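Understanding the architecture of this molecule
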Amino acid sequence: MNKVVNSIREAIKLAGLKDGMTISFHHHLRNGDYVLNMVMAEIADMGIKDLTVNASSLFDIHAPLLDHIKNKVVTKLLTDYMSAGIGHSISMGIMDTPVEFRSHGGRPADIELGRTPIDVAFIAAPTSDTMGNCTGKYGKSACGSLGYAFPDAMNAKKVVVITDNLVDYPLIDYSIPEIYIDYVVKVDEIGNPAGIVSGTTKITRDPVGLAMAQMAAKVIKSSGLLKDGFSFQTGAGGATLAAAKFLKEIMIKENIKGSYGLGGITGYMVDMLNEGCFEALLDVQCFDLKAVESIRTNPKHQEVSATHYAGPNAKSAAVDSLDVVLLGATEIDTDFNVNVNTDSNGYIMGGSGGHSDTAAGAKLAMIIAPLSRSRLPIVTDRVNCISTPGRTIDVLVTQKGVAVNPANKELKQRLVDAAIPVKDIHELKAIAESITGVPQKLKKGDKEVAKVIYRDGTLLDTIYNVPVM
Amino acid sequence: MRRSMLFLPGNNPNMIINGDVLGSDSVILDLEDAVSPAEKDAARILVRNTLKYLKFENCEIIVRINSIDTEYWKDDLDEIVPLKPDLIMPTKVSCADDIRTIDAYMSEIEKKHGMENNTVHLIPLIETAMGVENAFEIAKSTDRVVAMFLGGEDLTADLHCKRTKVGNEISYARSRMVSAARAAGIDVYDTPFTDVNDDEGIRVDCELAKSLGFTGKASISPRHVSVINEVFSPSHKDVDYAYEVFEAIKTAKELGKGAIALHGKMIDKPIVERARQVISMYEEIVRRNGGLD
Amino acid sequence: MNKIISSASAGTLESSDVYIEVEPSENNEVSVESVVLKQFGDSIVKTAESVLDELDIKNAKVHIIDKGALDCVIRARLETALRRAEKENK
């Protein structure tokens with residue numbers, strides 16, 4: 001049996017790709033990914049049209065996709081996250097069918113439940129053997145975990161592995177086993193290492209971000225959850241990562257032995273593992289070289305699939321045992337609904353990723369955000385887009401005070417007792433507006449450009465086009 | 001309560017508007033060295049407007065003005081004093097007359113704007129050899145002076161020596177300043193530690209300053225604020241002792257005793273005064289942060 | 001009435017700041033570029049007009065490039081630019 005084929009084109013042909021089918025990609029190569037563009041270029045060249053692309057995330061490097069949309073090669077997009085470069089065009093209304101946003105847990109659930117079946121999955125693999133046992137831990141394009149690729153590999157009708165490091169059979173330390181793989185293609189480069197992972201993830205130097213991070217660590221300390229067995233996830237951006245640093249200091253000082261760190265993993269979480277703050281890291285995606293090195297060498301640093309990470313259909317997922325998650329927001333409203341899909345002008349620039357999954361699972365879901373950004377208050381009456389429902393958010397930490405979801409009375413009392421400056425979220429909104437002024441409301445267009453689908457399959461919100469001024 | 005004083009450049013809106021969330025007891029909005037000559041006017045108007053339109057919560061405002069040998073200091077005071085900052089920090093103060101000149105001009109401005117005399121206080125920056133030698137006279141010069149602040153960088157230039165991390169070159173100035181300030185009954189603040197990335201160094205430098213008798217310390221980086229606050233806060237032991245002092249006084253009163261002893265030591269007036277300060281500081285820390293770290 | 005007699009500028013293009021250019025003109029004229037134009041465009045124009053009123057200036061062409069500055073910052077930068085423009089260019 002020979003699975004190795006000579007070219008992507010040959011694999012597409014053998015997989016039987018036809019007009020109207022669905023193809024899928026994972027985003028572990030992030031903004032360094034060449035594979036989606038290579039595959040799409042071949043498909044366009046072969047004259048195949050009307051495809052649905054289900055990509056776990058889309059980055060600016062995938063801008064050529066916009067041409068395939070204009071040329072009707074691609075007529076529908078499903079994704080969990082879309083960076084601003086792609087999102088801006090989508091917000092201009094270039095597609096006839098609205099994009100469907102899902103969460104990192106909702107996507108695999110819908111794939112597994114047959115709601116969004118995949119005809120051909122293209123799996124970029126930093127290392128694969130000739131039968132398709134593959135991993136992200138080795139090779140010049142190493143990305144660490146391949147967590148988001150598992151549901152695609154396990155459920156697509158045909159699966160093509162594309163690698164730039166083809167090794168002899170068997171690759172022992174594989175992530176995805178050969179049992180799911182139909183074809184293997186060797187190419188020169190699957191990605192640009194500089195865009196795949198950062199050299200090091202640095203915490204913010206912004207003093208306001210650090211002040212919020214310190215407050216967030218204090219909230220965690222006062223929540224009653226910070227004790228032996230503590231589990232934790234944090235975003236990789238700005239103040240959330242800085243909060244992890246302050247949390248680490250508290251855990252070491254008070255000799256607290258946590259159970260696991262979860263999520264997209266950075267070097268900071270690796271440090272916490274190595275310094276005894278956690279027993280294990282459960283890693284669905286690596287953000288920097290230190291995380292890649294750690295998942296390769298440390299048995300306590302374990303790869304998990306997207307389903308295991310956050311799947312709402314799984315019998316249990318790691319988010320379900322999570323104590324605390326630290327998350328960001330572009331906006332939050334007085335009902336604690338959070339927007340991470342659109343920017344202040346209504347353009348798409350993100351997506352839930354694991355935001356709504358972890359918020360739903362964690363005992364304490366915290367948002368860290370400055371009271372205003374570029375003069376725009378963070379707290380609004382109603383967010384432009386609901387990415388995560390307010391009922392799953394417990395706390396908002398800003399630099400001028402902390403708001404607790406009224407549903408969580410016990411937490412509020414704990415924070416008040418710890419002299420944390422607890423304020424009503426309406427008061428935070430008023431404080432922000434007293435500094436910034438009251439912004440005029442955005443005008444929305446009347447064309448639906450995206451739908452945000454919650455992890456339980458219900459429609460959370462609809463995003464409309466941004467009208468040209 | 002003023003343990004930490006954080007410098008913020010006076011012409012940088014992004015830094016100033018968030019000045020009250022950085023944990024510092026005071027912020028020093030700087031019109032002097034942080035502002036180039038071409039931007040003095042812009043910084044002055046910006047600082048004046050932020051004081052006029054923004055609220056700074058739990059944070060004292062100090063404005064550092066240009067020295068009286070420049071063309072800027074009067075304009076600085078004209079714009080800033082009517083907005084009633086807590087303190088003005090005059091720079092390169094070398095003798096009591098410098099302060100009297102500034103005091104007289106401030107009184108004029110206060111009168112002109114219908115403000116009570118001495119509304120705005122002074123914390124002179126002592127950063128010349130002459131200033132150090134005249135520290136006591138400066139401290140006693142007018143009622144406006146409520147604290148003094150030692151500037152080690154300019155001082156070492158004046159002393160013809162190199163500023164070092166250990167700071168042997170300013171040890172005389174430090175002690176002299178503390179002595180002068182305490183003799184005059186005012187607070188005294190130590191020079192900033194300038195290596196922003198040396199987390200151990202800032203702690204050592206704070207502890208040294210505290211051991212010499214300084215009330216607190218200035219900082220050029222928000223990163224140093226929490227260490228300064230920590231070192232210059234009373235310890236749990238200090239707080240427990242302060243409460244014990246008042247408990248002992250109460251018990252003695254109930255028993256009708258004149259002399260009061262605690263742990264075999266007589267409680268005299270300075271001990272009571274010190275206990276009072278510790279408790280008032282502790283209560284303020286509890287109000288702001290919930291307790292000592 | 002006060003008059004501006006030269007062109008001048010104030011402020012920077014850094015985040016939370018605003019860069020403002022003024023030059024003598026027949027009437028007051030205000031134009032705005034802003035990262036928050038949709039939300040605060042009208043408010044910025046009003047602020048500028050109120051500063052011109054307060055300083056009693058009626059002959060300034062004002063161009064504002066805003067990077068999300070607060071109202072009090074816009075006021076400060078415009079006042080600075082106008083004060084500078086009241087003097088001869090050095």
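It is worth spelling out the overall build of chain A at this point. Across its full length, chain A carries 15 helices and 26 strands. Projected onto its principal axes, the C-alpha positions of chain A cover 70 × 55 × 40 Å. Relative to its full complement of 469 residues, chain A shows a buried share of 63%. Contacts in chain A between residues far apart in sequence, at least 24 positions, make up 72% of those at least 6 positions apart. Per element, the accessible surface of chain A, about 16,900 Å² overall, is 51% carbon and sulfur. Separation between the mean location of the 47 positive side-chain charges and that of the 52 negative ones in chain A comes to 4 Å.

A few words now on the packing of aromatic side chains. Residues and elements named next belong to chain A. For the structure on display, the rule yields 7 aromatic pairs over all chains. Judged by centre distance (5.7 Å) and plane angle (40°), the ring pair of phenylalanine 59 and tyrosine 81 falls under tilted. Within this pair, whereas phenylalanine 59 is found in the loop between β3 (51-55) and α3 (64-70), its partner tyrosine 81 is found in the loop between β4 (74-79) and α4 (84-91), the two being separated by 22 residues in sequence. On the basis of an interplanar angle of 25° and a centroid distance of 5.9 Å, the ring pair of phenylalanine 230 and phenylalanine 232 is categorised as stacked. Relative accessible area serves as the criterion here: at 0%, phenylalanine 232 is assigned to the buried category.

All names here are of chain A. Burial analysis of helix α10 (residues 267-274) places 6 of its 8 residues in the buried class, the great majority of the element. Taken together, the buried positions of α10 are occupied by Gly267, Met269, Val270, Asp271, Met272 and Leu273. Contact partners of the buried residues in α10: β12 (231-234), α9 (238-253), β13 (260-265), β14 (280-286), α11 (289-297) and β15 (301-303). One or two positions beyond α10, positive phi appears at glycine 276, with a value near 85°.

All names here are of chain A. Taken in spatial order, the 8 strands of this open sheet run β15-β14-β13-β12-β16-β19-β23-β24, and their pairing is mixed. Bordering the open sheet on either side are β15 and β24 (401-404), each of which pairs with just one other strand. Across the sheet, the mean angle from the axis of one strand to that of its neighbour is 20°, orientation sign disregarded. By the bridge criterion, 4 bridges tie strand β16 (residues 324-327) to strand β19 (residues 364-368) in an arrangement that is parallel. Bridge pairing links leucine 326 to methionine 366 in β19.

Another aspect to go through is the pattern of salt bridges. Per the counting criterion, the structure on display carries 58 salt bridges over all chains. Linking Lys245(A) and Glu249(A) is a salt bridge whose minimum nitrogen-to-oxygen distance equals 3.5 Å. Of this pair, Lys245(A) and Glu249(A) both sit in helix α9, 4 residues apart, which is roughly one turn of the helix. Taking the relative accessible area as the measure of exposure, Lys245(A) reaches 26% and is therefore partly exposed. We note a salt bridge from Arg48(B) to Glu79(B), for which the minimum N-O separation is 3.0 Å. Placement of Arg48(B) in helix α2 (residues 40-53) and of Glu79(B) in helix α3 (residues 73-80) is noted, with a sequence separation of 31 residues between them. Using a relative accessible area of 24% as the deciding quantity, one classes Glu79(B) as partly exposed. Residues participating in the shared-partner salt-bridge network are Lys76(A), Glu100(A), Arg102(A), Asp110(A) and Arg115(A).

The side chains of a regular strand alternate, first on one face of the sheet and then on the other. Residue and element names in this part refer to chain A. Burial along strand β2 (residues 22-25) is two-sided: Thr22 and Ser24 facing one way and Ile23 and Phe25 facing the other are all buried. As for the winding sense of the linkage, the β-α-β connection from β2 through helix α2 (residues 35-45) to β3 is right-handed. Relative to strand β6 (residues 120-125), β2 runs parallel, the two being bridged by 3 bridges. By the bridge assignment, phenylalanine 25 is partnered in β6 with phenylalanine 122.

A separate point is the domain arrangement of chain A. Residues and elements named next belong to chain A. Each domain of chain A was delimited in the assignment, giving domain 1 (4-56 + 104-196) and domain 2 (207-441). Relative placement of domain 1 and domain 2: their C-alpha centres are 31 Å apart. For the pair domain 1 and domain 2, the two sides together bury roughly 1,700 Å², of which 54% comes from carbon and sulfur. Contact with domain 2 buries area across many residues of domain 1, yet His104, Lys137 and Ser145 alone supply 30% of it, more than any other trio. Inspection of the domain 1/domain 2 interface yields 0 salt bridges. For the pair domain 1 and domain 2, the interface holds 13 residue pairs in polar contact (both at pLDDT 80 or more). At the level of secondary structure, the elements contributing two or more residues to the side of domain 1 that touches domain 2 comprise α5 (106-112) and α6 (150-155). Considering each element in turn, the side of domain 1 that touches domain 2 owes the most residues, 4 residues, to α5.

What counts and how
- Residues numbered from 1 in each chain as written.
- Chains lettered and ligands numbered in written order.
- Predicted model: local features only at pLDDT ≥ 70, side-chain atom pairs only at ≥ 80, totals over all residues.
- Heavy atoms only, no water.
- Helix = DSSP H or I, 4+ residues; strand = E, 2+ residues; numbered from the N terminus.
- Buried < 20%, exposed > 50% of the residue type's maximum accessible area, 1.4 Å probe, protein only.
- Contact = heavy atoms within 4.5 Å.
- Areas by Shrake-Rupley, 256 points an atom, 1.4 Å probe, with all protein chains shown as cover.
- Lys, Arg positive; Asp, Glu negative; His and termini not counted.
- Charge placed at Lys NZ, Arg CZ, Asp CG, Glu CD.
- Phe/Tyr/Trp six-rings, centres within 6.5 Å; stacked < 30°, edge-to-face > 60°.
- Pairing = 2+ DSSP bridges.
- Axes fitted to C-alpha atoms, helices over the stretch in contact; angles between N-to-C directions.
- Salt bridge = Lys/Arg side-chain N within 4 Å of Asp/Glu carboxyl O.
- Right-handed = clockwise from strand over helix to strand, strands pointing away.
- Domains from an automatic or database assignment.
- Buried area = accessible area lost by both parts, 1.4 Å probe.
- Polar contact = N/O pair within 3.5 Å; in protein donor to acceptor, adjacent residues only side chain to side chain.

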